[in-house]
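Chains, contacts and geometry: an overview
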Amino acid sequence: VQYRESTLAKYPSQIEDIQAALAFLPTIAEQFHMDLDNVFIMGDSSGAHLALMTALTTGYPFRGVVSFFAPSDLTKLQPDGPAGNLLSSWEQAAEASCQRFITAEHPVPPVLLLHGTEDELVNVEQSRNLYKLLQNAGKEVTYIELEGENHGGGTWWNDPVTTMVEEFLRAYCG
C-alpha cells in the first residue's frame with residue numbers, strides 16, 4: 001500500500017490511507033483472487049510502525065502482523081529526526097506509539113517482530129520492549145533478533161528470514 005509520506009501529510013494521514021486501501025480490497029478481491037479472511041499486514045521500518053498501528057487501531061480482522069525493525073515507541077526517538085517529521089507536534093509522539101494500545105483487553109492479532117542487534121537507525125530495544133509488552137498482555141507474539149544485522153539490507157529479504165516469515169504466515173492462515 002502506498003501512503004502519503006510525512007513530507008506530504010502528518011500523522012494520522014498514513015493510517016487513514018491504509019484504511020482507505022483496506023476498504024477498497026473487497027471491490028477487487030474477486031478479480032485478484034484475494035481471500036479476505038486471510039489478510040496479514042507487514043512493513044519494514046516506518047512501514048512496520050504503520051502496519052502495527054493499523055492493526056492496533058483500526059479493528060480490521062488481520063490474521064497477523066509482520067514487523068521488520070519498527071520504531072514502535074516514538075517517544076524514545078529524537079524530535080528532530082524522521083519521527084519528528086511525521087508528527088504535527090512532538091506531543092503527538094505518545095499518541096502515535098504502539099505501546100498505548102497494548103493491554104490485556106485490547107485485541108491484537110498475532111505479531112512477528114524482527115530486528116537486528118546492530119540497527120543504527122531504530123534501536124533494537126524498540127522491538128525488545130514491544131515484545132515484552134505484548135507478552136505481558138498475553139498476546140501471541142514471536143520475536144526474532146538477528147545478531148550483527150543493521151537496519152534493512154539484503155539479509156532481511158533472503159533465507160532464512162523469508163522462511164521464518166512464511167512459517168509465521170502459514171501458522172496463522174485460516
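Up top is the structure.
One structure accompanies this document, and this report is about it.

Reading the values: rules and limits
Residues numbered from 1 in each chain as written. Predicted model: local features only at pLDDT ≥ 70, side-chain atom pairs only at ≥ 80, totals over all residues. Heavy atoms only, no water. Helix = DSSP H or I, 4+ residues; strand = E, 2+ residues; numbered from the N terminus. Expected span 1.5 Å × (residues − 1). Buried < 20%, exposed > 50% of the residue type's maximum accessible area, 1.4 Å probe, protein only. Contact = heavy atoms within 4.5 Å. Salt bridge = Lys/Arg side-chain N within 4 Å of Asp/Glu carboxyl O.

**A word on helix α1 (residues 13-28)**
Compared with an ideal rise of 1.5 Å per residue, which puts 16 residues at 22 Å, α1 spans 23 Å between its outermost C-alpha atoms and is within 8% of the ideal. All buried positions along α1 are accounted for by Ser13, Gln14, Ile15, Asp17, Ile18, Leu22, Leu25 and Ile28. Residues of α1 that are buried in the fold lie against β1 (40-44), α2 (46-57) and α3 (82-86).

**Overview of the side chain of His49**
Looking at the element boundaries, His49 is found in helix α2. The contacts of His49, once residues within four sequence positions are left out, are Ala70, Pro71, Leu74, Leu86 and Ala96.

**Section: the pattern of salt bridges**
This model, assessed by the stated rule, comprises 4 salt bridges. Its salt-bridge partner being Arg128, residue Glu125 comes within 2.5 Å of it at the nearest N-O pair. Here Glu125 pairs with Arg128, and both are found in helix α4 (residues 125-136), just 3 residues apart, close to one helical turn. By relative accessible area, which is 25% here, Arg128 ends up partly exposed. Note that Arg128 and Glu145 form a salt bridge whose closest N and O atoms lie 2.8 Å from each other. Pair noted here: Arg128 is in helix α4 and Glu145 is in strand β4 (residues 141-146), with a separation of 17 residues, a long-range link.

**Some remarks on unusual backbone geometry**
Here the amide bond leading from Tyr11 into Pro12 is cis, since omega sits at 15°, within 30 degrees of zero. Here Pro12 is to be found in the segment before α1. Of note, the amide linkage connecting Asp159 to Pro160 takes the cis form, showing an omega dihedral of 5°. Assignment of secondary structure puts Pro160 in the loop between β4 and α5 (161-172). The phi dihedral of His33 falls on the positive side, at around 55°, and the residue is not glycine. Looking at where His33 falls in the secondary structure, it is placed in the loop between α1 and β1.

Geometric values such as these leave the question of function open.
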